[in-house]
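Architecture at a glance
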Amino acid sequence: MSASNSRRTAVRIQALRAGFAKIYGQEPEGVWRAPGRVNLIGEHTDYNLGFVLPFAIDKNALVAVRRRDPQGADPQLLQFASTFGGGQVTSVRLEDLAPGAVPGWAAYPASVAWVLGQQENVELTGFDLLVDSDVPVGSGLSSSHALEVGTIVALNDLLGLQLEKTGMARLTQRAENEFVGAPTGIMDQSASLISHAEHALFLDCRSLESTAVPLPLEHWNAVVLVIDTRVEHSHIDGGYAARRASCEQAAAALGVASLREISSVPELEGLDPLVKRRARHIVTENRRVLDAVAALRDSDLQEVGRLLYESHESMRDDYEISAPELDVAVQAARSAGAVGARMTGGGFGGSAIALIDRGKIQETSEAVYRAFSRAGFQRPSIFTVSADEGAGRA
């Protein structure tokens, strides 16, 4: 985390503690930090048990928590509030936690309480929570998973659960799938939990084995530019679920447990044409992740960039999860000389990323702004991100 970002985070923590005391009448027991993530490459491969290459970013959710007094009023009550919700408190009792019982953003931290309550040897107590986040919502940078991860690392510490990071990733994935109702894979939680500064996380989503791959952008005089199209996307919709269903259909037709077991496009012959296109993206994207890891280790940014462009074309044409705004962002960055660019995240909106020379931030940004204006799109939000540490106590 940069010195300037550390100072901003310290100011946010101080304000969060004061806000917690104002809402709940006493200080929190602590504040925990969970970053959002950028997926450098490897999209929709996680729920196919394939390979991904994300990194945690220097935008995060801060979660302040205090357990309720077991001798006090209603010790089984859960209370959730946020700085972006005007301090409004959402309340639910532990015994009433169930999918659909908690509305809006509060469903994400509530899902973590619910999944922990399903575990043996976990004595869950009521708690009060206040969250502040600077991860843009609906941008494809995993704002929801940052809330979940911040909550589980807080409860892991406060309740002395001694959960391993991979265990917390699995639990938050289950919470997302079963409580929130979003059929996501395990990449986002893992990136928020396990990442290291100045490294990408090479994750095998079948074994959950991970390796830190150097991403020394400053040393390479490069930067990752995020282009938030402001077209909000959601995992709780038919598009995301339909893509996953197509992959499961392809795997069943091919007689394999997942598309991870398919290593070449010719093996997809005989599939329904639409299902084949979906599966082709997964097979080729897994290969691109492996090639990108090798290129990063060789400091070959030109090859990384080529793979980013190829990944975007695959998501646009085979997986069909891009959007006009994302395509314009990628093309504008490419025209401005970006080393590579692609949409990132679940698709149907959200953000694109561009790998560019550090000296071309303004030039590339202006090119994107002009392209959006010509297309009649709303002005995007453009900012840089760096590879940050995973979640922990703030």
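Above this text you will find the structure in question.
Residues numbered from 1 in each chain as written. Predicted model: local features only at pLDDT ≥ 70, side-chain atom pairs only at ≥ 80, totals over all residues. Heavy atoms only, no water.

**Quick notes on the overall build of the protein chain**
Helices and strands together make up the secondary structure of the protein chain, namely ten helices and twelve strands. Relative to a compact globule of 394 residues, whose C-alpha radius of gyration would be 21 Å, the protein chain shows 21 Å and is just as compact. Roughly 15,600 Å² of accessible area belongs to the protein chain as shown, and the carbon and sulfur atoms make up 46% of that amount. Once the 37 positive and 49 negative side-chain charges of the protein chain are each reduced to a mean point, those two points are 4 Å apart. (Helix = DSSP H or I, 4+ residues; strand = E, 2+ residues; numbered from the N terminus. Rg over C-alpha atoms; globule rule 2.2 N^0.38 Å. Areas by Shrake-Rupley, 256 points an atom, 1.4 Å probe, with all protein chains shown as cover. Lys, Arg positive; Asp, Glu negative; His and termini not counted. Charge placed at Lys NZ, Arg CZ, Asp CG, Glu CD.)

**Structural notes on the packing of helix 7 (residues 273–297) against helix 8 (residues 301–317)**
In the contact formed by helix 7 and helix 8, the axes pass within 10 Å of each other and the chain directions differ by 170°. Between helix 7 and helix 8, the angle falls in the class roughly antiparallel. Of the residues in helix 8, those touching helix 7 at R277, H281, T284, E285, R288, D291, A292, A295 and L296 are L301, E303, V304, L307, E310, S311, S314, M315 and D317. (Axes fitted to C-alpha atoms, helices over the stretch in contact; angles between N-to-C directions. Parallel < 35°, antiparallel > 145°, perpendicular 65-115°, else oblique. Contact = heavy atoms within 4.5 Å.)

**Quick look at helix 3 (residues 143–158)**
Taking 1.5 Å of rise per residue, 16 residues should cover 22 Å, and helix 3 covers 23 Å from first to last C-alpha, within 8% of that figure. Helix 3 sits mainly inside the fold: 15 of its 16 residues count as buried. Phi turns positive, to about 60°, at G160, one or two residues after helix 3. (Expected span 1.5 Å × (residues − 1). Buried < 20%, exposed > 50% of the residue type's maximum accessible area, 1.4 Å probe, protein only.)

**Quick look at the packing of helix 3 against helix 4 (residues 165–180)**
Between helix 3 and helix 4, the shortest axis-to-axis distance is 10 Å and the interhelical angle comes to 125°. Considering the angle they form, helix 3 stands oblique to helix 4. The interaxial crossing formed by helix 3 with helix 4 has right-handed handedness. Along the contact surface, helix 3 presents S144, H145, E148, I152, V153 and N156, while helix 4 presents M168, L171, T172, E176 and V180. By residue class, the composition of the contact of helix 3 with helix 4 is five nonpolar, four polar and two charged. (Left-handed = near helix turned anticlockwise from the far one by under 90°. Nonpolar A, V, L, I, M, F, W, Y, C, P; charged D, E, K, R; others polar.)

**Observations regarding the pattern of salt bridges**
In this structure the tally under the stated criterion is 24 salt bridges. Between R37 and D188 there is a salt bridge, with its nearest N and O atoms 2.6 Å apart. Of the two residues, R37 sits in strand 1 (residues 30–41) while D188 sits in helix 5 (residues 187–194), which places them 151 residues apart along the sequence. The same class applies to R37 as to D188, namely buried. Here R93 and E95 are joined by a salt bridge, their closest N and O atoms 2.9 Å apart. You can call E95 exposed: its relative accessible area is 63%. (Salt bridge = Lys/Arg side-chain N within 4 Å of Asp/Glu carboxyl O.)

**Re helix 1 (residues 3–24)**
Working note: α-helix, 3.6 residues per turn, so residues spaced by three or four point in the same direction. Between its first and last C-alpha atoms helix 1 spans 31 Å; for 22 residues at 1.5 Å apiece the expected length is 32 Å, and the two agree. Those residues of helix 1 that fall on the buried side of the exposure criterion are N5, T9, R12, I13, L16, F20 and Y24. Down the axis of helix 1, the buried side of the element spans an arc of 110°, and every buried residue falls inside it. Exposed residues pointing more than 90 degrees away from the buried face of helix 1 are listed as A3, R7, V11, Q14 and K22. Count one or two residues on from helix 1 and you reach G25, which has phi positive near 85°. (Arc of directions from axis to C-beta.)

**Details of the packing of aromatic side chains**
Under the criterion given, the structure shown has seven aromatic pairs. Above the face of the F383 ring, K59 is positioned so that its terminal group lies 4.9 Å from the ring centre. Across from the ring centre of Y369, 3.6 Å away, lies the NZ or CZ of R379, which sits over that ring. (Phe/Tyr/Trp six-rings, centres within 6.5 Å; stacked < 30°, edge-to-face > 60°. Lys NZ or Arg CZ within 6 Å of the ring centre and 35° of its normal.)

**Section: the pairing of strand 11 (residues 381–385)**
Counting buried positions along strand 11 yields four of five residues, so the element is predominantly enclosed. In terms of strand pairing, strand 8 (residues 222–228) meets strand 11 through five bridges, oriented antiparallel. Among the inter-strand pairings, I227 is bridged to a residue of strand 11, identified as I382. (Pairing = 2+ DSSP bridges.)

**Structural notes on the sheet that holds strand 8**
Strand order in the open sheet formed by four strands is 9-10-8-11, and the pairing between neighbours is antiparallel. Of all the strands in the sheet, just strand 9 (340–344) and strand 11 have a single pairing partner and so form its edges. Averaged over all pairs of adjacent strands, the angle between their axes in this sheet comes to 25°, without regard to strand direction. This element, helix 8, spans strand 8, strand 9 and strand 10 (351–357) of the sheet and lies at about 40° to strand 9.

**Brief notes about unusual backbone geometry**
Positive phi values are uncommon outside glycine, yet N221 reaches one of about 55°. Mapped onto the secondary structure, N221 falls in the loop between strand 7 (210–214) and strand 8.

**Quick word on empty space enclosed by the protein**
Considering all chains together, one arrives at one cavity of 30 Å³ or more under this definition. A volume near 110 Å³ is recorded for the largest cavity. At three residues, helix 5 tops the list of elements feeding residues into the lining of the largest cavity. Taken together, the residues that form the lining of the largest cavity break down as three nonpolar, ten polar and four charged. (1 Å grid on protein atoms, 1.4 Å probe; cavity = no way out; pocket = protein on both sides within 12 Å on 5 of 7 lines; lining within 4 Å. Points joined across faces, edges and corners; volume = space filled by probe spheres on them.)

**Thoughts on the side chain of D132**
Among the structural elements, D132 can be located in strand 5 (residues 127–133). Judged by its relative accessible area of 14%, D132 falls in the buried class. A polar atom in the side chain of D132 sits 2.7 Å from the side chain of R12. Setting aside its immediate chain neighbours within four residues, D132 contacts R12, L16, N60, A61, L62 and T83. (Polar contact = N/O pair within 3.5 Å; in protein donor to acceptor, adjacent residues only side chain to side chain.)

**Things to note about the side chain of N286**
Its location among the elements puts N286 in helix 7. In contact with N286, not counting residues within four places along its chain, are T45, G50, F51 and R260.

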